[in-house]
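Architecture at a glance
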Amino acid sequence: MYLALWVGGLVVALVALGLFVFGLRRRLIQRSGGTFDCSLRWNVPEEPDLSGKGWVYGVARYSGDKVNWFRVFSYSPRPRRVLERSAIEVVARRMPEGEEELALLSDAIVLGCLHRETRLELAMSEDALTGFLAWLEAAPPGQRVNVA
């Protein structure tokens, strides 16, 4: 009986520690500011896929001429993807459809992009989208920026 209580307490403590580390990591990512919630789907086929598969919830952070994208459910302190402003080309903008609506946040808008010839989609709130497009258009003189 004592062993079962001890093991149960240990499991509860490990789960609490894991949740604490998730929260701490997110707080550290957001500490420097310039962050927004952003789901990402990488390597999207050319035909629209409305099944909701492939979307990963994350947090994006502006860092100079780059956007660092971090998975929410990860312990890694490093960004999963780094998107350079000069390599991003916006090709489409749409509302989520079909099962995508269940996979994304309720107020999300989907932005279709090309990044170094890789098709990707970013889903973010309208406020975050406005900031993202303004950041893209605010490229230093001489840089090529394609916003549809």
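Note that the structure is a prediction, hence the values are computed from the model and not measured.

Throughout the structure, instances matching the rule amount to six salt bridges. A salt bridge links R41 to E100; the nearest nitrogen and oxygen atoms lie 2.9 Å apart. Of this pair, R41 sits in strand β2 (residues 39-42) while E100 sits in helix α2 (residues 100-103), and the two are 59 residues apart along the sequence. Its salt-bridge partner being R116, residue E84 comes within 3.2 Å of it at the nearest N-O pair. Taken together, the residues E84 in strand β5 (residues 81-84) and R116 in the loop between β7 (109-115) and β8 (118-124) connect sequence positions 32 residues apart. Where salt bridges share partners, they join R41, R94, E100 and E121 into one cluster.

Here we come to the side chain of R41. A relative accessible area of 4% means that R41 is categorised as buried. Within polar-contact distance, the side chain of R41 engages the side chain of E100 at 2.9 Å. Every residue in contact with R41, bar those within four places of it in the chain, is listed here: D49, K53, G54, W55, R94, E100, R119, L120 and E121.

It is worth spelling out the nonpolar core at this point. The biggest cluster of nonpolar side chains holds 21 residues, and the ones touching the most others in it are L122, M124 and F132. For this core, the secondary structure elements donating two or more residues are β4 (66-71), β6 (88-94), β7, β8 and α3 (126-137). With residues near it in sequence (within four places) discarded, M124 still touches F36, D37, C38, D107, A108, I109, L129 and F132.

An order of β2-β8-β7-β6 is seen for the four strands of this open sheet, with the pairing classed as antiparallel. The open sheet terminates on both sides in strands that have one partner only, identified here as β2 and β6. The mean angle between the axes of side-by-side strands here comes to 25 degrees, regardless of whether they run parallel or antiparallel. Judged from the four bridges that link them, β2 and β8 form a sheet pairing that is antiparallel.

Okay, the UniProt feature "transmembrane region" (unreviewed entry) in the protein next. Here, UniProt's "transmembrane region" (unreviewed entry) annotation points to residues 6-24. Helix makes up 100% of residues 6-24 and strand 0%, and the two end C-alpha atoms of the span are 26 Å apart.

Here the focus is the sheet that holds β4. Strand order in the open sheet made by the four strands is β1-β3-β4-β5, with antiparallel pairing throughout. Every other strand in the sheet has two partners, leaving β1 (35-37) and β5 as the edge strands with one partner each. Averaged over all pairs of adjacent strands, the angle between their axes in this sheet comes to 25 degrees, without regard to strand direction. Pairing analysis gives four bridges linking β4 to β5, with the strands arranged antiparallel. Note on β5: the bridge partner recorded for K66 is E84. Running over the sheet, helix α1 (residues 2-30) touches β1, β3 (58-63) and β4 and is turned about 25 degrees from β3. Along the sheet face, α3 touches β1, β3, β4 and β5 and points at about 35 degrees away from the line of β3.

What counts and how
- Residues numbered from 1 in each chain as written.
- Predicted model: local features only at pLDDT ≥ 70, side-chain atom pairs only at ≥ 80, totals over all residues.
- Heavy atoms only, no water.
- Salt bridge = Lys/Arg side-chain N within 4 Å of Asp/Glu carboxyl O.
- Helix = DSSP H or I, 4+ residues; strand = E, 2+ residues; numbered from the N terminus.
- Buried < 20%, exposed > 50% of the residue type's maximum accessible area, 1.4 Å probe, protein only.
- Polar contact = N/O pair within 3.5 Å; in protein donor to acceptor, adjacent residues only side chain to side chain.
- Contact = heavy atoms within 4.5 Å.
- Core = buried A, V, L, I, M, F, W, Y, C linked by side-chain atoms within 4.5 Å.
- Pairing = 2+ DSSP bridges.
- Axes fitted to C-alpha atoms, helices over the stretch in contact; angles between N-to-C directions.
- UniProt positions renumbered as here; feature names shortened; annotations may be inferred.

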